[in-house]
Amino acid sequence: MAGKTLEESDVGIFCYISKLPGFRGILKQRYSDFIVNEVDKEGNVVHLTSLDAPPEISEETVTKIDDTTNNKSYASEVDAFRSLAGDSDAKRLEALISQINTGVEDSVSPIILSPDSDKSHRTAIHNFFKQNFKFLVTDVVDGLDASSKCIRVRLNTGGHKNKGKNSKKRKERVDKPFDSRGSENWSESDGKFLRFHLYKENKETQEALGVIGKMLGIQPRSFGFAGTKDKRAISTQRVTVFKQHATKLAALNARLIGIKVGDFWEGLLLGQLLGNRFTVTLRGVVADSEDTIKLSSDALGKLGFINYFGLQRFGSGSVPTHLIGATLLRGEWKTAISMILDPREGERNPIAKAREYYKESNDIEGTLRQLPRHLVAERAILQCLKKCPGNYLHALKAIPRTLRMMYVHSYQSYLWNHAASMRVQKYGNNQVVLGDLVYRKGDDTEKVTGHVNPECEDDNHNNVYDSSNLDEISETDVPEERNDLIKVVTTEDIVTGNYTIEDVVLPMPGSRVVYPNNSIASVYHDLAKKDAISLTESVHSVKEFSITNMTGSYRRVFQKPVDFEWELLEYTDGDIPLVETDLDKIADYKPLKMVRVEDPADGNEDKIDCVKQAVRVEDDDEAEDAGEECLPNIESNSQKAQMALKLSFTLPSSCYATMAIRELLKTSTSVAFHKTLN
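The sections below set out a description of the structure shown in this document. If you're wondering where the values come from, they're calculated on a predicted model, not measured in any experiment.

### Examining the sheet that holds strand β5 (residues 149-155)
Overall, antiparallel pairing links the three strands, which are arranged β3-β5-β4 in an open sheet. In this open sheet, the two strands that pair with only one neighbour each are β3 (111-112) and β4 (136-142). With two bridges connecting them, β3 and β5 associate as antiparallel partners. Paired with Ile112 across the bridge in β5 is Arg152. Those strands touched by helix α3 (residues 119-132) are β4 and β5, and its axis lies near 160 degrees from that of β4.

Below is the structure:
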């Protein structure tokens, strides 16, 4: 399978629920055709409604460098620093000292010195600050390119009066370990966590938070969120940040491109997601008749879809993530490293060039200089191999846990998809059969309509480590599910009709799950056996890469979209957004003028004619900072009118919207296929 574009059949996606014909429609022709809003546990859809910070309720803590040195210019020290670091960095230092002398600590931002690849020179600068600026501290951050590092200089909030071993400040915090996520000097009256809504366009969640974190001078770990959202989309989600003021975040909106923050309030995010609200626009719709579209759309709302793990779960590269997962389960560490690092078909030239270079030269330093920073797994592996040559297991464990666990989770999903297809092929999708697994009636689990999986923290990263094409789902860490909540369907259950097809679940393999008491159980074991994997015994002692050390979970086989709505639209310009976003509503900016068109035959208002009024510029790869340029109205007949289908629905966490679209169109959801439609 490696070396070719991944197809749905490669990962067990074979079946449909309805036998209705499909039709042509383009998924994600523009990123604005795919809008995702989180839904919290109370069922509230998360929207961006305000960009303003609420009034500050606590007084700012004012600290000065020192009573005796306040407003000191440190001119001689700065001159000495100029000879060491250069004029531009000296000017940055002067500005920082001037800012500190204003006395308002909260307004003091760190400075980043010029990129410096010479470690000995960086050491000299660190020592210079220790000797001459005891009220400042330095550390190292990554530069703009892979080959350079930068020194960051920031205020030491303890001040240089209190840096002695027995200082009062140190004694006071002896039982309070330093938390590098936020300011150490934080008022007890201020809440430690600030919640806000993150709105992003054509950016992955971690990428957006990385930009915000860099502007604030804080680490990525300062942020918390329930699920990662797709890059090629417009999404709004809840985020928590540690020890930051709303005014500081709100001030970033003027500088952020394709990202906005708002709806601030204090407090930690409690609970997880109920799911996501999707607004999906399929463009270029062509069908035998409008009746075909109507019947298929109604059927999706009524019958639902097979709850497959979508293609994004398995990566979009030529080396699917479940194959890497299978290699890890077999304990083949070196092979797994090669599968992650080796050249692969279809990659962009800079990445392909870096992979080829490493394959030919084995030069880790040179490869790191070329390798883009979003390839997190590759960089983590190489940096570890640089320190520990030949220690392949250690290198694999250097990959952030969420990313490295997704390889094994991907293999679990691969087995689940095949089992789900066999369940539909053998027993249909209309009734419960003997030996099926179901949630027991009357248990709280009946309220969970999606998937309970304590081990899948985030279904993020395309290729697990390349975040450019994340799926539109968000899996969260949820309470471990007990087997006593699951039962095997008996003859009595079938006679009494206690359970319906909607109650049927299948296990994600693990040590604490039970398998169906019918022929579907063998699908798991037979398929794993072909990959030389046992689901009951481990061939190595590394727990995190062993299914026998995972508890496992259960996932509903069939899923219905909640609050499902659809409507047909007509449009004449494919570059015009067809749906109003949260940001449009805040700006009171209408992307479209929508005119209802009545069918003269029956008067039904089935279609909406969308006339171009304003434009959002969208590039296939990145969003550009386009202004809200208003264009003159263009008559709908000035270009050939096309049809679009707008769908709105809510899905539980871990359900794939692309699988709902697949059921509707009866076509592949692969990116390659939809590019051919464009």
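### Quick look at the state of the cysteines
As enumerated under the stated definition, the model contains zero disulfides in all. Cysteine Cys388 remains unbridged, with the sulfur of Cys384 as its closest cysteine sulfur at 4.8 Å. Cys388 sits in the partly exposed class, given a relative accessible area of 26%.

### Points about the packing of aromatic side chains
Per the counting criterion, the structure on display carries 18 aromatic pairs. Aromatic side chains Phe129 and Phe133 sit 5.5 Å apart centroid to centroid with 40 degrees between the ring planes, which places their arrangement in the tilted category. Across the pair, Phe133 and Phe129 agree in class, each one buried. Between Phe309 and Trp416, the aromatic rings sit 5.8 Å apart at their centres with planes inclined by 90 degrees, giving edge-to-face as the arrangement. Within this pair, whereas Phe309 is found in the loop between β11 (305-306) and α8 (321-329), its partner Trp416 is found in helix α14 (residues 401-427), the two being separated by 107 residues in sequence. Assigned by exposure class, Phe309 and Trp416 land together as buried. Ring pairing ties together the aromatic residues Tyr74, Phe81, Phe128, Phe129, Phe133 and Phe135, which thus form one cluster. Sitting above the plane of the Phe34 ring, Lys28 keeps its charged end 4.4 Å from the centroid. When the ring centre of Phe309 is taken as reference, the NZ or CZ atom of Arg555 above it lies at 3.8 Å.

### As for the nonpolar core
The biggest cluster of nonpolar side chains holds 104 residues, and the ones touching the most others in it are Leu282, Leu396, Ile399, Tyr411, Leu645 and Phe649. It is α14 that contributes the most residues to this core, eleven residues altogether. Those residues in contact with Leu396 that lie beyond four places of it in its chain are Leu328, Trp333, Ala336, Ile337, Ile340, Arg404 and Phe545. Within the second largest apolar cluster, 20 residues are counted, among which are Val108, Ile111, Ile125 and Ile151.

### Observations concerning the pattern of salt bridges
Under the defined criterion, the tally for this structure stands at 25 salt bridges. Glu94 is the partner of Arg82 in a salt bridge, and the nearest nitrogen-oxygen pair spans 3.8 Å. In this pair, Arg82 sits in helix α1 (residues 75-85) while Glu94 sits in helix α2 (residues 87-100), placing the two residues twelve residues apart along the sequence. Residue Arg330 is joined to Glu332 by a salt bridge in which the shortest nitrogen-to-oxygen separation is 3.1 Å. Owing to a relative accessible area of 24%, Arg330 belongs among the partly exposed residues under this scheme. The class for Glu332 is partly exposed, based on a relative accessible area of 30%.

### Points about helix α10 (residues 349-361)
Because each turn of an α-helix spans 3.6 residues, side chains separated by three or four positions in sequence point in the same direction. Between its first and last C-alpha, α10 extends 18 Å over 13 residues, near the 18 Å set by a 1.5 Å rise per residue. Every buried residue of α10 is listed here: Ile351, Ala354, Arg355 and Tyr358. All buried residues of α10 fall inside an arc of 95 degrees around its axis, so they share one side. Exposed residues lying more than 90 degrees from the buried face of α10 are Asn349, Lys353 and Glu360.

### Focus on the pairing of strand β21 (residues 642-652)
Taken residue by residue, a regular strand's side chains alternate between the two faces of the sheet. Here β21 lies mainly inside the structure; ten of its eleven residues are buried. Of the strand pairs in this sheet, strand β10 (residues 273-286) and β21 are connected by eight bridges, and their pairing is antiparallel. When the bridges of β21 are listed, Val280 appears paired with Leu647. One ladder, built from eight bridges, connects strand β18 (residues 562-571) with β21; its direction is antiparallel. The residue bridging Val562 from the neighbouring strand is Thr650, located in β21.

### Quick look at the side chain of Arg662
Along the chain, the position of Arg662 falls in helix α18 (residues 657-665). Polar side-chain contacts of Arg662 include one of 2.8 Å to the backbone oxygen of Cys15. Excluding residues that lie within four positions of it along the chain, Arg662 makes contacts with Glu8, Ile13, Phe14, Cys15, Tyr16, Tyr308, Thr667 and Thr669.

### Structural notes on unusual backbone geometry
Positive phi values are uncommon outside glycine, yet Lys243 reaches one of about 50 degrees. Locating Lys243 in the fold gives a position in the loop between β8 (234-242) and α6 (246-250). Residue Lys243 is classed as buried on the basis of its relative accessible area of 10%. The phi torsion at Asn362 lies on the positive side, around 60 degrees, for a residue other than glycine. One can find Asn362 in the loop between α10 and α11 (364-370). A residue is classified by how much of its surface remains accessible, and Asn362, at 54% relative accessible area, is exposed.

### Overview of α18
The buried fraction of α18 amounts to nine of the nine residues, a majority that puts the element mostly inside the structure. Taken together, the buried positions of α18 are occupied by Ala657, Thr658, Met659, Ala660, Ile661, Arg662, Glu663, Leu664 and Leu665. Where α18 terminates, the next one or two residues include Lys666, which has phi positive at roughly 60 degrees.

### Re the packing of α1 against α3
Helix packing geometry: the angle between the two helix axes and the distance between the axes. Axis separation between α1 and α3 bottoms out at 11 Å; the angle between their running directions is 175 degrees. On the basis of the axis angle, α1 is roughly antiparallel to α3. For the pair α1 and α3, the contacting residues are Glu77, Ala80, Phe81, Leu84 and Ala85 in the first and His121, Ala124, Ile125, Phe128, Phe129 and Asn132 in the second.

### A short note on the environment of Cys15
Tracing the sequence through the fold places Cys15 in the segment before β1 (24-26). Its relative accessible area of 9% is what places Cys15 among the buried residues. In the structure, Cys15 is positioned 407 residues away from Met422 in sequence and 8.9 Å away in space, judged by C-alpha atoms.

### Considerations on the packing of α8 against α14
Orientation of α8 relative to α14, taken along the N-to-C sense of each, is 105 degrees, at an axis distance of 7 Å. The angle between α8 and α14 places the two elements in the roughly perpendicular class. The segment α8 lies against α14, with Thr321, His322, Ile324, Gly325, Ala326, Leu328 and Leu329 engaging Tyr407, Val408, Ser410, Tyr411 and Tyr414. In terms of residue class, the contact of α8 with α14 is built from eight nonpolar, four polar and no charged.

Rules behind the numbers
Residues numbered from 1 in each chain as written. Predicted model: local features only at pLDDT ≥ 70, side-chain atom pairs only at ≥ 80, totals over all residues. Heavy atoms only, no water. Pairing = 2+ DSSP bridges. Helix = DSSP H or I, 4+ residues; strand = E, 2+ residues; numbered from the N terminus. Contact = heavy atoms within 4.5 Å. Axes fitted to C-alpha atoms, helices over the stretch in contact; angles between N-to-C directions. Disulfide = S-S within 2.5 Å. Buried < 20%, exposed > 50% of the residue type's maximum accessible area, 1.4 Å probe, protein only. Phe/Tyr/Trp six-rings, centres within 6.5 Å; stacked < 30°, edge-to-face > 60°. Lys NZ or Arg CZ within 6 Å of the ring centre and 35° of its normal. Core = buried A, V, L, I, M, F, W, Y, C linked by side-chain atoms within 4.5 Å. Salt bridge = Lys/Arg side-chain N within 4 Å of Asp/Glu carboxyl O. Expected span 1.5 Å × (residues − 1). Arc of directions from axis to C-beta. Polar contact = N/O pair within 3.5 Å; in protein donor to acceptor, adjacent residues only side chain to side chain. Parallel < 35°, antiparallel > 145°, perpendicular 65-115°, else oblique. Nonpolar A, V, L, I, M, F, W, Y, C, P; charged D, E, K, R; others polar.

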